[in-house]
Each structure stands twice: as structure tokens, then as C-alpha cells.
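Chain residues, written in single-letter form:
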Amino acid sequence: MSLPRFRLFAAGILLAALAVPARALHRVTPGAARVTHGAAVSHPSTRSWGYLLAFSSTEDLAATGSTGRQVFVFGLFDYDCQYGIPAPELSSCPGAAPPFLTQVTAGPGAPDDPSATAGGTLVAFDADGSYAGGAGPGVGHRQIFVKDLTTSTLLRVTDAPDGDSTHPSLSEGGNDLVFESTAALGGGPAGVSQIYRYEVAGGLLTPITHGLGGSRAPMPSMLGRVVSFESTAALLGDGHDTGISQIFWYDALFAQLHQLTAGNASSQHAYVTTRLRGRGLRGVVGRGAAIVFDSLATNLPGTAGGPATQVYIGSTGAGDLPRIVQLTPTAVSGCSPAFSGTSGYPAFDAFGRRIAFISTGDLLCNSTAGNRAFVLDGKRAPFTLLQLTGQGDVQGPLGMSFGHWFVTLSTTDDLTGTGVCGHQLHVLDFLAGHWNAAGTPGALPAEPAPGNAAAACDDGNACTLDSCAAAGCQHAAIPGCP
């Protein structure tokens, strides 16, 4: 297949102009911000960078009259320019702050699984081959696209007729793009998901896997050198399908594939960081790039394993099948939880110091239950555990791309106290004095009283009756209303 080339020199110049200067936005961001409303929204499993979060929704969030699923980008700096605490960090805000939500796509094709570069210049996503007027044999299958928001140029990375290409993730600067595909893009077996790397500037497509078991959920490190993913294939052997998902990583500099786990049960949801910054984490894991993941395995080297699914971390600096460190259940002085629960969907912050995850366990002995968000601070040993939410249902994955003190999550918990219906995207700034997380046994997160859920469903139409139901927001036409 001949793939189009995409020139990035102009985008690179504009990237510097669009990128928000390094600043401590955690000092000016409200403790909680609700990003979405209306139809339920899932947190993307793909990765965005800087102060941006790309996601998809079927709600007309930008009030453009759009229908169907579309891709949006949330900008934290633009949000803070409107709702943040006045401070020098916001001195460069324009007189009329731009919208904090940008709609990236329009029309049919159901775009999904987006990823944005640090400056917001490039956004990658998957969509049906019919997107943007596509025609031919690629229609009916998911394809990969990259849009340059400064020029509105759209790059169609794939146009395969024999499978779906999904879950694209860009590196911070946008030169490296990784995705999964069941199409035979690199001569592999059609119908089996494989991992691919695409050089956006040069148009070079490189197959990373070629196994008989599915490989999924690729994620690049900041510069794109390390790509983490999961696979049931024996990728360092004959490629047969083992039936058990393991964590692998690819070194793009040396074009080498490595295996992190070989457990007796599935390991998944891998999240890679370029290097660990917390001294406590480095002391037990080692230096260099690291991968955090969750696993049901009980025989990972260096761990006790379990109970049930828990969070683990391993270093890429120790070769194949290194010693693994178990992170949950986390030991907390003065707390011996009767129920450790399950923990999963871990995510590194932008600096490789803190790790957010979801757990059903009563990890701080405060009698809360359900899927709640936690953060493990590995700055020094023993690690510090913070509980961010105590109510509602947090749906994985999570994100921490905004920095040390931020978590992005989809939850039914009314974190802003203004009303919420169904799972909605939120941002938490858990710096002390902003969002007050629980950090000691028996303590609870300081959450506001819930607001009016129906108010969160207001569609701005005077001729509809808005309500919140189990299925989400409902908008019933008012009889006789013009």
C-alpha cells in the first residue's frame, strides 16, 4: 500500500506558538472541573499531551449543530483563563478567552479514540472509511486519520478493505503514531490485531508485531522511542496465540521487541513513562523508562501476586522478563483493610512521579466502596496513598497528562456540585486547598453536596423537558411548543 506523506515543518513552527508555556496551572485551576454534559462520555484509552485532553462524544458540546459521535479537544489553559484563580500564571490569557472545547471533526463516520499533541497542532483518531467523503473498499472499516488543526489538512493514514485500524496514539511532538489494526497492512494475517508504528513526517509504516494472537492498546513514550502494548501472542517465540495477555514493549531506536511479563494470568492496560522521577519509585524499580499495568497473574517475579487484579510496575532497563514490583494493595500505616478489592487502569503523570488508578478496595479503611480513584505518590518511600473520590462510579481508563497534580476521569460522581447525569469527564486538581483528597486512615475526600442532575441535562431548547434517567439525559418534546 502506498501511504501519503505529511509535511510537518509548518506545523512545527506553529506548535511553538500554540503551546502553553510551562507554568504551574495546578495553582490556578479549580479543585474540580466538569468537562462534558449530556450523553455519557468515556475517558479515552489513547494518550494526549500537555494541557490537552482529546475525547469523543455524541453530545453537541460545542453547540455547532453537529450530530453523531465527534472528536473534541479540551484545553486546560483556556478553561483556566475563564474560570481559574487570578494569578501570574494566567497573565498571558487573551482579553477574550477562546472556548476551552474545540470540535475537531464533523459529519458521518463516528470518529473516536483521539490523541492530541502537546501544542494541539495534530489530532489523530479513527473513523469509518467514509469519513470526510471517503469512498472505495475502505468504507465500512475503521481507518486512521491525522488532522492538522492549524491548516485543516486531513491525512488518511490507512484505507484498508480487510480490517479495522483503531486506537491511534501520537508522541508528544507528533512525529510518531502507533495504532492497532486487524487489516493485513504489513503482510500479517488479516483478522488478527497487530501493532503498527507510522512516521507522520515521512510516511513510513512499520509493523511492530506479527503474531497469531491479538496485540492491542499501544502507547508511545514522550519522544516515541518506547511503545508499550499487550498481546496474547508468543511474540518472542513462534507467535502462536497463548490465550493469556502479556505486556510487551518495542524499542523504536533499535527496532527491538521486548517482553515485560510472562504471568499465569492476563496482564493489561500498560502505560509507559519515559523515566521515573520519584526517588521512592526509582529506588525499587530502577531508572529509565517504566511501564505500569494491572494483572491477575500470581507468579510475576518479585511479587506476591493478588488478591485478584492489582497494579504492578516494571522497568525497561532490565531487559526481558525483569523483576516486577507490586504497587497495590498499598501498605498504609494504621490501616489493615478488610477488603483489598481489585485495582486497575493505572496511569503515570506527565513527569513519571505519581500513578493514578481505580480500585474497589477499602484502601484507607474509610468504608467507601465501588470504583473509586486513587493516586500513589512515589516521591519517597514509603509511598503516599491519596483517595480522590468516595462516591459514584469511576470508569476506566484514567489520565494524568496535565501534570503532577491533575487526574482526568469519567465518573458519575458529582465532583463540582453542579449536577451530573451518567458518566461525564472531569478534571481534578488535587493540590492541597484545591481538591482535598483523603490521605489518612478513616478520612474521606472532601466532596461537595450533589447538585441537580436534571440541570446538567439542559440542552438549551425551551421546547424540551430535560431529565436524568438511568440511560442518561432525556429530552422529551413539550406538546404544543413551537
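Before going into details, it helps to say that this report is about the structure given with it.

Scoring rules and cut-offs
Residues numbered from 1 in each chain as written. Predicted model: local features only at pLDDT ≥ 70, side-chain atom pairs only at ≥ 80, totals over all residues. Heavy atoms only, no water. Disulfide = S-S within 2.5 Å. Helix = DSSP H or I, 4+ residues; strand = E, 2+ residues; numbered from the N terminus. Buried < 20%, exposed > 50% of the residue type's maximum accessible area, 1.4 Å probe, protein only. Contact = heavy atoms within 4.5 Å. Core = buried A, V, L, I, M, F, W, Y, C linked by side-chain atoms within 4.5 Å. Polar contact = N/O pair within 3.5 Å; in protein donor to acceptor, adjacent residues only side chain to side chain.

Now for the state of the cysteines. Counted by the stated rule, this structure contains five disulfides. What pairs with Cys457 in a disulfide is Cys473, and their sulfur atoms sit 2.1 Å apart. A torsion of -75° about the S-S bond marks the disulfide between Cys457 and Cys473 as left-handed. Placement of the pair is Cys457 in the loop between strand S27 (424-429) and strand S28 (464-469) and Cys473 in strand S29 (residues 472-477), with a sequence separation of 16 residues. Between the sulfur atoms of Cys463 and its disulfide partner Cys481 the distance amounts to 2.0 Å. Here the S-S torsion is close to -65°, and the disulfide linking Cys463 with Cys481 is therefore left-handed.

Further remarks concern the environment of Leu223. Following the sequence through the fold, Leu223 ends up in the loop between strand S13 (215-220) and strand S14 (226-233). Its relative accessible area of 66% is what places Leu223 among the exposed residues. Aside from chain neighbours lying at most four places away, what touches Leu223 is Ser171 and Asp176.

Of all hydrophobic cores here, the largest spans 38 residues; its most connected members are Val292, Ile313, Leu327, Phe348 and Leu385. Mapped by element, the contributors of at least two residues to this core are strand S15 (241-251), strand S17 (267-273), helix H3 (279-285), strand S18 (290-295), strand S19 (310-315), strand S21 (343-348), strand S22 (354-359) and strand S23 (372-377). Per element, the largest residue contribution to this core is four residues, and it comes from S18. Core analysis: the second largest hydrophobic core is formed by 22 residues, Leu25, Phe55, Leu76 and Leu90 among them.

Structurally, Arg372 can be placed in strand S23. For the pair Arg372 and Gln391, spaced 19 residues apart in sequence, the C-alpha to C-alpha distance is 7.2 Å. Residues within four places of Arg372 in sequence aside, it is in contact with Phe357, Ile358, Ser359, Thr360, Gly361, Asp362, Gln387, Thr389, Gly390 and Val394. Here Thr360 takes part through its backbone oxygen, which lies 2.9 Å from a polar atom of the side chain of Arg372. For Arg372, the side chain forms a polar contact with the main-chain oxygen of Gly370, separated by 2.9 Å.

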